[in-house]
Amino acid sequence: MLPEECYEVHIHGFANDVARARVLEELGLLGNLQGELECFVVASRLSRGEAEKEQQRWSRLGAHVRIVAPASPSPAEPLGKETPPRSLARATLRALAIGSLAGVAVWWLGERTLPRGVWKLPGKLDESGSLSSRTSLNKVSNPPVRATTIPNEIHSDEAARLNNEGVAAAERKEWMAAAEHLRAALRLAPAATGIQRNLQQVLLGWGVDALRSGEVGTAVDRLAEARGLGPDAQVFLWLGYAFQQQGDLGKAQAAWETGLEQFPEQPNLLLALGELWEQRDQREKALDYFFRARAAGIDGPELQRKIERLGRELDAEWEYQLTRSARFDVRHPESEPARTIEFVLANFEAAYDHLLDLLGVGPTPPITVVLYPKEQFHAVTQSPDWASGVFSGRIQLPVGGLNEGNRLQLQRVARHELAHALVSEWSRRRAPSWLQEGMAMWCEDDHPGERLDWALSLRATEPSTQLTHLPHSFVLLGQAEAEAAYASSYLAVVRLVEYHGARKLLELLRASAQREFSAAFRETFGQDLKDFAEGF
């Protein structure tokens, strides 16, 4: 008898040619294979636990492995060719970001917004006791609430009246009143699944609105109540986001994993877990979830770029070693001399102390720093040739030629990338690009504002450049426009520090983690963002 849940194990690439040979030898294909073998199934009809054991087995040999539920459209067929390239030499190079003179940030080049709301308008009970179907307010792909008949022996006129008043209040987004009416209706008709579903949808809408408004505690309470009314994928998804906004990644993970147990191929849950594991630097787990999300229906250039980037990183770092200090985890090639690692650590420690002097805080340790040979750095990060560092949730650096002669340059790069890590952490990755880059450049300076003349001269070349008109990413701007954008970002941060002090920047980051950025800006500085942008 087959297990209740059946999964397949797919190999979609290899760490390197040696790993490929090991895997093919284990499969008995070495020497007998015609052409390239890029993606194939190595096991099927397994329980989830058995599939994870198989995943670990092949991963230890150097394969890139994912688990796929065969009921969903699979991105891999036996001996298929559709997956990302297995080696860096075959990777399609594509520039991801353009940075300041010291480095590049590609983690979030723009305000991180929560997903669009998914609240579905509840239905009113008609005279027959049926729940009328309504379409989604936001035209999402999820089906509307289904028509439900309440059994005659339970249904009452009072329950119907309370339900309909609750629905009317929900249509006006008067969530508290809607919930009170529907709770009262459910007490009168506790077996009425239609009323229960209505209440759950009202609590979901209330929770999502609260989360968008920065009322995270209220969001958690309402979404937890909604979860108690029955399984709903969107409730699990948004409850996880609420926990994430609280900074409790453990509870976020638990909410999403519980949801996935009941909705195994729900694409947004898979995507959320992929991003969570990437944030925790568990890149192989993250890649597995991203592949599953793509197979479940999420498609687009952003996810594809993420999959390709993680594949390149796993490929390049497969046999890297880890050296730890109190604040940093440094991943590096085994061949990298110990003195180089010590040199990097010493300069990052000095840069961290510089941030403490400026702001009183630094990003929470341990901070991951990945060192690449120079040619490999640009191939993996796909950054411009002049880039000296990248922040993608981790700090990535080229180490070719590092010595005492470029200590000052390394310290500036370290300050820049550590500032990106701090902005990302404190804003929960929701800070706009001008604040990310402006703070990173300001933190580089030996003396605050020392590049003011440089920025003013560049700004003069593009006088129409304004913060509110800047794109979420500067990557598509021409070189002159990009330099002016960075200059404007730097000038904005210098102005904020001059008038309000550096600690206010931290308040802005904290506020932006909880609410829409323009509201956070107004709350922190008592000024509209648009007025500030036009006034400097």
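Residues numbered from 1 in each chain as written. Predicted model: local features only at pLDDT ≥ 70, side-chain atom pairs only at ≥ 80, totals over all residues. Heavy atoms only, no water.

### Comments concerning the overall build of the protein chain
Using the following cut-off: Numbering of helices and strands runs from the N terminus; a helix is a DSSP stretch of H or I covering at least four residues, while a strand is a stretch of E covering at least two. Three exposure classes are used, based on accessible area relative to the maximum for each residue type with a 1.4 Å probe and protein chains only: buried under 20%, partly exposed in between, and exposed over 50%. Note on definitions: a residue-residue contact is assigned when non-hydrogen atoms from the two residues lie within 4.5 Å. In this description, accessible areas are obtained by the Shrake-Rupley approach with a 1.4 Å probe, and a residue is regarded as covered only by the protein chains that are shown.
Within the protein chain, the secondary structure is distributed over 20 helices and nine strands. Sorting the 536 residues of the protein chain into buried and exposed places 54% on the buried side. Of the contacts made within the protein chain by residues no fewer than 6 positions apart, 68% connect residues no fewer than 24 positions apart. On the protein chain, roughly 23,300 Å² of surface is accessible, and the fraction owed to carbon and sulfur atoms is 50%.

### Describing the sheet that holds strand β2 (residues 40–46)
Here is the rule: When DSSP finds two or more bridges between two strands, those strands count as paired. Inter-axis angles, ranging from 0 to 180 degrees, are taken between N-to-C directions of lines fitted to C-alpha atoms, where helices are fitted over the stretch in contact.
Read across the open sheet, the three strands follow the order β2-β1-β3; overall the sheet is antiparallel. At either end of the open sheet lies a strand with only one pairing partner, and these are β2 and β3 (63–68). Neighbouring strand axes in the sheet, compared pairwise and without regard to direction, differ in orientation by 25° on average. Here four bridges tie strand β1 (residues 7–14) to β2, and the two strands are oriented antiparallel to one another. Opposite Y7, over in β2, you have L46 as the bridge partner. Sheet contacts for helix α10 (residues 283–295): β1 and β3; angle to β3, the most-contacted strand, approximately 45°.

### Thoughts on the pairing of β1
Taking burial as the measure, the eight residues of β1 include eight buried ones, the bulk of the element. Pairing of β1 with β3, which is carried by six bridges, proceeds in the antiparallel orientation. Paired with V9 across the bridge in β3 is I67.

### Concerning the packing of helix α15 (residues 433–444) against helix α17 (residues 479–500)
Condition: For classification purposes, an angle smaller than 35 degrees is called roughly parallel, one larger than 145 roughly antiparallel, one from 65 to 115 roughly perpendicular, and anything else oblique. Classification used: nonpolar for Ala, Val, Leu, Ile, Met, Phe, Trp, Tyr, Cys and Pro, charged for Asp, Glu, Lys and Arg, polar for all others including Gly.
In the contact formed by α15 and α17, the axes pass within 8 Å of each other and the chain directions differ by 75°. Classified by the angle between their axes, α15 and α17 sit roughly perpendicular to one another. Only Y486, S489, Y490, A492, V493, V494, L496 and V497 of α17 make contact with α15, whose side of the interface consists of W434, L435, E437, G438, M439, M441 and W442. Looking at the contact of α15 with α17, its residues break down into twelve nonpolar, two polar and one charged.

### Points about the confidence of the model for the protein chain
The condition that has to hold: Think of pLDDT as the predictor's per-residue confidence, scored from 0 to 100.
Across the protein chain, the average pLDDT comes to 79, with 78% of residues at 70 or higher. The low-confidence segment residues 71–154 (pLDDT under 50) makes 236 contacts with residues lying over four places distant or belonging to another chain.

### Points about the pattern of salt bridges
Applicable threshold: One speaks of a salt bridge when a side-chain nitrogen belonging to Lys or Arg is within 4 Å of a carboxyl oxygen belonging to Asp or Glu.
One pass over the full model with this rule turns up 32 salt bridges. With a shortest N-O distance of 3.1 Å, R172 and E174 are connected by a salt bridge. A relative accessible area of 37% means that E174 is categorised as partly exposed. For R412, the salt bridge goes to D445, with nearest N and O atoms at 3.7 Å. Pair noted here: R412 is in helix α14 (residues 407–426) and D445 is in the loop between α15 and α16 (452–461), with a separation of 33 residues, a long-range link. Bridged by salt links that share partners, the residues E278, D281, R283, K306, R309, E313, E317, R331 and R394 form one connected network.

### Details of the nonpolar core
The following threshold applies: Here, nonpolar core refers to any group of buried Ala, Val, Leu, Ile, Met, Phe, Trp, Tyr and Cys residues whose side-chain atoms link them within 4.5 Å.
Judged by nonpolar contacts, the single largest core of 63 residues is most densely connected at F328, F348, L418, W434, L435, W442 and F521. Of all the elements, α17 adds the most residues to this core, at eleven residues. Leaving out residues up to four positions away in the same chain, L418 has contacts with F328, F348, A351, Y352, L355, P363, I367 and I395. Core analysis: the second largest hydrophobic core is formed by 57 residues, A219, L237, F243 and A286 among them.

### Quick look at unusual backbone geometry
In this structure, the amide linkage connecting P365 to the following residue, P366, adopts the cis form with an omega of -5°. Position of P366 among the secondary structure elements: in the loop between α12 (338–359) and β7 (367–372). Unlike most non-glycine residues, K173 shows phi in positive territory, near 60°. Relative to the assigned elements, K173 resides in the loop between α3 (157–171) and α4 (175–188). Given a relative accessible area of 44%, K173 falls into the partly exposed group. Even without being a glycine, R428 presents a positive backbone phi close to 55°.

### Considerations on the packing of α17 against helix α18 (residues 502–514)
At a closest axis distance of 7 Å, the pairing of α17 and α18 adopts a crossing angle of 115°. Between α17 and α18, the crossing angle belongs to the class labelled roughly perpendicular. Here α17 contributes V493, L496, V497 and H500 to the contact with α18, which in turn contributes A502, K504 and L505. Here the contact of α17 with α18 is built from residues that sort into five nonpolar, one polar and one charged.

### Regarding α16
How we decide: Here the arc refers to the directions that run from the helix axis out to each C-beta atom.
For α16, every residue scored as buried is listed here: A455, L458 and R459. Buried residues along α16 cover an arc of 105° about the axis, so they all sit on one side. Facing away from the buried side of α16 by more than 90 degrees, the exposed set consists of D453, A460 and T461. In this structure, the buried residues of α16 make contact with α17.

### Section: the packing of aromatic side chains
How we decide: Pairs were defined over the aromatic rings of Phe, Tyr and Trp, the Trp ring being its six-membered one, requiring ring centres within 6.5 Å. Orientation was assigned from the angle between planes: stacked under 30 degrees, edge-to-face over 60, tilted for the rest. Consider the ring centre and the ring normal. A charge sits over the ring if Lys NZ or Arg CZ is within 6 Å of that centre and within 35 degrees of that normal.
Enumeration according to the criterion identifies eleven aromatic pairs in this entry. For the ring pair W434 and F517, a centre distance of 6.0 Å and an interplane angle of 80° mean the geometry is edge-to-face. Of the two residues, W434 sits in helix α15 while F517 sits in helix α19 (residues 517–525), which places them 83 residues apart along the sequence. Per residue, the accessibility class of W434 equals that of F517, and both read buried. Each residue in the set W434, F517, F521, F525 and F532 is aromatic and connected to the rest through ring pairs, giving one cluster. The ring of F291 has R66 sitting right over it, with the charged end atom 4.0 Å from the ring centre. The ring of W277 carries the charged tip of R280 above its face, separated from the ring centre by 5.4 Å.

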